[in-house]
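Residue-level structure breakdown
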Amino acid sequence: MLGKCIQELRMQKGLSMSELAERSGVTKSYLNSLERGIKTNPSIQILEKIALVLEMELGSLVRYVHDRQKGNVPCDPEWAALIGELQSSGISKEMVKSWKDAWTQKQGNQTKKYSS
């Protein structure tokens, strides 16, 4: 499962296995073994190197794998980071919802303008 999650995240970032290997300093053959499930117990250092290239903290990578094992489809890590930034800056869910509603309304008005 760990390997499949790494592969999934790598592909979301648009990275080839060779690019991830080069940037992380982990050999391509080791990454290949991880993604195929042959290697299942990498060291923390290996995971930290991979997580760094995937632009996530080690804890986020571990949570991602844990969620996938439980059958949950975790949020895209970039969205999760953005949500964290919004929360820490004091922006509430209600504010985000009102921005979304205003955006949706604006988009609807523009569609009407061009379809008349």
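The shown structure was predicted, so the numbers you read here are calculated from the model rather than taken from an experiment.

1. Quick look at helix H2 (residues 17–24)
What H2 keeps buried is the set Met17, Leu20, Ala21 and Ser24. Each buried residue of H2 lies within a common arc of 100° when the element is viewed along its axis, so the set occupies one face. Away from the buried face of H2 by more than 90 degrees, exposed residues Glu22 and Arg23 are located. Turning to H2, the residues buried within the fold contact helix H1 (2–12), helix H3 (28–35) and helix H4 (44–53). At the C-terminal side of H2, Gly25 shows a positive phi close to 80°.

2. With respect to the pattern of salt bridges
In the structure shown here, the tally under the stated rule is 4 salt bridges. When the shortest N-O distance is used, the salt bridge between Glu8 and Arg68 registers 2.8 Å. Of this pair, Glu8 sits in helix H1 while Arg68 sits in helix H5 (residues 58–69), and the two are 60 residues apart along the sequence. The closest approach of N and O atoms between Lys100 and Asp101, which form a salt bridge, is 3.2 Å. For Asp101, a relative accessible area of 44% puts it in the partly exposed group.

3. Focus: the domain arrangement of the protein
Here the domain parsing of the protein yields domain 1 (1–70) and domain 2 (77–111). When each unit is reduced to the centre of its C-alpha atoms, the spacing between domain 1 and domain 2 is 30 Å.

4. Details of H4
Here H4 has its buried residues at Ile46, Leu47, Ile50, Ala51 and Val53. Along the axis of H4, the buried positions cluster into a sector of 160°, meaning they face one direction only. The exposed set on the far side of H4, more than 90 degrees from its buried face, consists of Gln45 and Leu52. Looking at the buried residues of H4, the elements they touch are H1, H2, H3 and H5.

5. Description of unusual backbone geometry
For Glu55, which is not glycine, the phi torsion reads 60° and is therefore positive. With respect to the helices, strands and loops of the structure, Glu55 is situated in the loop between H4 and H5.

6. Overview of the nonpolar core
Counting 21 residues, the largest nonpolar core has Ile6, Leu31, Ile50 and Leu61 as its most contacted members. Elements represented by at least two residues in this core include exactly H1, H2, H3, H4 and H5. Of all the elements, H4 adds the most residues to this core, at 5 residues.

7. A short note on the side chain of Ser33
Mapped onto the elements of the fold, Ser33 is located in helix H3. Among the residues examined, Ser33 registers a relative accessible area of 15% and is labelled buried.

Cut-offs applied
Residues numbered from 1 in each chain as written. Predicted model: local features only at pLDDT ≥ 70, side-chain atom pairs only at ≥ 80, totals over all residues. Heavy atoms only, no water. Buried < 20%, exposed > 50% of the residue type's maximum accessible area, 1.4 Å probe, protein only. Helix = DSSP H or I, 4+ residues; strand = E, 2+ residues; numbered from the N terminus. Arc of directions from axis to C-beta. Contact = heavy atoms within 4.5 Å. Salt bridge = Lys/Arg side-chain N within 4 Å of Asp/Glu carboxyl O. Domains from an automatic or database assignment. Core = buried A, V, L, I, M, F, W, Y, C linked by side-chain atoms within 4.5 Å.

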